[in-house]
Amino acid sequence: MTHTYAVVLAAGQGTRMKSKLYKVLHPVCGKPMVEHVVDHIQELGAERIVTIVGHGAEKVQDQLGIRSEYALQEEQLGTAHAVLQAATVLGNLSGTTLVVCGDTPLIRPETMKALLHHHNETNAKATILTGLPKDPTGYGRIIRNDEGHVERIVEQKDASAEEQKVNEINSGTYCFDNQALFEALKLVNNDNSQGEYYLPDVIEILKNQGNIVSAYATDDFEETLGVNDRVALAQAETQMRARIVEKHMRNGVTIINPENTYISAEAVIGSDTILQPGVMIEGATEIGEDCVIGPNSHISTSQIGNRTTVHSSVVKNSVIGTDTSVGPFAHIRPDSEIGNDAKIGNFVEIKKTKLGNQSKVSHLSYIGDAEVGERVNIGCGTITVNYDGKNKFLTTIEDDSFVGCNSNLVAPVTIGQRAYVAAGSTITKNVPADALSIGRARQENKDGYVKKLNLK
Ligand code: UD1
Ligand code: CA
């Protein structure tokens, strides 16, 4: 079997993005472009992946970590010069090398596989993945001879008016015979309008040496999109989003309005879950089966159990159990853990709080830095007073207790098991188990006082 290697080009600065963030780190559906590319290559089972890094090297390396080896391109002298930097790692090996640009996140692993297959079948020394976009402007064009064989690639800026009419473009993904590639790279010059060493020139060099050079055209022209600016970034996002929602729908998730549903590349969603319009799911979120995620809910890096409903709410870095109801208009802030069969009602903010099974915070409350047991009822308007301006303190509310409406629980404080806190209390001392605690001014009715004061 032939050995397969891959080179990912990621050293370019990405000037056209006009960004402080390094181009290949711009996220598409929440995942940096270069991660998409490396994920796809890994599906092919390439033995070695070498990423060419330059300006911003540490950031790309931090992102990919041990998933790749790296070669540094100190100066960005062009794509051929970039690939040449991998010579120290791959130069002496025999096999097939796939070269992919870090800014083409939409090229599917199946397409890369088909390209490799075509390359091997045709005994070519080089095979280009080509596409037929609606508008080829900006891409290198594939120049074929009268018999239809690939002759060379000409860059937009070097193309004649006639050549610019060619619709077939270079996707920036290629397969090469590894040794032929590194030999040919030495012959590339920078005699062109941009003064750069162009990788596409390798095609003409190999062809002129009498080698077979072939092209494999993908029929999905959208796949070959190269992200050079924010307009293309938005196009990539739209396409990737459509793919992701389609995957979930095929897996049994109901998505009411796919165009208006935003799901990260890593999210996992169980079957028969319904996503209503405007839902945004970010990061490595896991949602169980038979859930309903209501309109405009925004869930990031969280886990949600089966049969739970979340309506028009925000959930971040938290875990929510099964059969639980959240919202509408609740805010579950990071490090919260909500149990099973629990209820978080409208206008409730929960932060860094553990809420046990069957416990309820139904309306208008702030519960932060708290440990709430099971079967607890927290009345409307309850506030954990967790912050003294300097430090945060813990509130503990034990199993089966009941906190009346509009209570302030001044932390650190514990409400014992089965205890009752009367409505309107400000609790500053621990409440023992089974006690009723009333912490409010006593009401006094002054009969006839209104008349006496002449108020009416
Ligand atoms: C390139 C191709 C073009 C093709 C298009 C597909 C060349 C000369 N042109 O053009 O034929 O149609 O991709 O999207 O290759 N990079 C480096 N080092 C460098 C220069 C670039 O690592 O010195 C990396 C970039 O980070 C990027 C990739 O190579 O990931 C492509 O570079 P870019 O400048 O985007 O090339 P295009 O102009 O898009
Ligand atoms: Ca590009």
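The structure this text deals with has already been given above.
Keep in mind it's a predicted model, so treat the numbers as computed, not measured. (Residues numbered from 1 in each chain as written. Chains lettered and ligands numbered in written order. Predicted model: local features only at pLDDT ≥ 70, side-chain atom pairs only at ≥ 80, totals over all residues. Heavy atoms only, no water.)

Enquirer: Honestly, the nonpolar core in this entry has me stumped. Any pointers?
Expert: One broad trend across soluble globular proteins is that nonpolar side chains are buried collectively. Ranked by internal contacts, the top residues of the largest apolar core, which has 59 residues, are I41, F176 and L199. For this core, the element with the most residues is strand β1 (residues 4–10), which contributes six residues. With residues up to four places along the chain from it excluded, the contact list for L199 reads L9, T79, A80, V83, V99, Y174, F176, L181 and L185. Within the second largest apolar cluster, 56 residues are counted, among which are M17, A267, C291 and A342. (Core = buried A, V, L, I, M, F, W, Y, C linked by side-chain atoms within 4.5 Å. Buried < 20%, exposed > 50% of the residue type's maximum accessible area, 1.4 Å probe, protein only. Helix = DSSP H or I, 4+ residues; strand = E, 2+ residues; numbered from the N terminus. Contact = heavy atoms within 4.5 Å.)

Enquirer: Hey, could you run me through unusual backbone geometry in this one?
Expert: What you tend to see is this: most non-glycine residues have negative phi, and most peptide bonds are trans. In this model, G327 is joined to P328 through a cis peptide bond whose omega is 0 degrees. Here P328 is to be found in the loop between β24 (325–326) and β25 (331–332). A cis amide bond links A411 with the next residue in sequence, P412, at an omega value of 0 degrees. Secondary-structure assignment places P412 in the loop between β35 (408–410) and β36 (413–415).

Enquirer: Any chance you could explain the packing of helix α7 (residues 178–185) against helix α8 (residues 201–208) here in plain terms?
Expert: A pair of packed helices is characterised by two quantities: the angle between their axes and the separation of those axes. At a closest axis distance of 10 Å, the pairing of α7 and α8 adopts a crossing angle of 105 degrees. In this view, α7 runs roughly perpendicular relative to α8, as classed from their interaxial angle. When α7 is examined against α8, the residues A180, L181, A184 and L185 are found in contact with a partner set consisting of V202, I205 and L206. Residue classes in the contact of α7 with α8 are distributed as seven nonpolar, no polar and no charged. (Axes fitted to C-alpha atoms, helices over the stretch in contact; angles between N-to-C directions. Parallel < 35°, antiparallel > 145°, perpendicular 65-115°, else oblique. Nonpolar A, V, L, I, M, F, W, Y, C, P; charged D, E, K, R; others polar.)

Enquirer: Hey, could you run me through the coordination of the calcium ion (ligand 2) in this one?
Expert: Each pair of donors in an ideal four-coordinate tetrahedral metal site encloses 109.5 degrees, whereas pairs in an ideal six-coordinate octahedral site enclose 90 or 180 degrees. Every protein donor of the calcium ion (ligand 2) is accounted for by D103 (OD) and N228 (OD1), and the metal-donor separations fall at 2.3 to 2.4 Å. On the criterion of sequence distance, the pair formed by D103 in the loop between β6 (96–101) and α5 (109–121) and N228 in the loop between β11 (213–217) and α9 (230–250) is long-range, its members being 125 residues apart. (Donors = N, O, S within 2.8 Å, 3.2 Å for Na, K, Ca; no water.)

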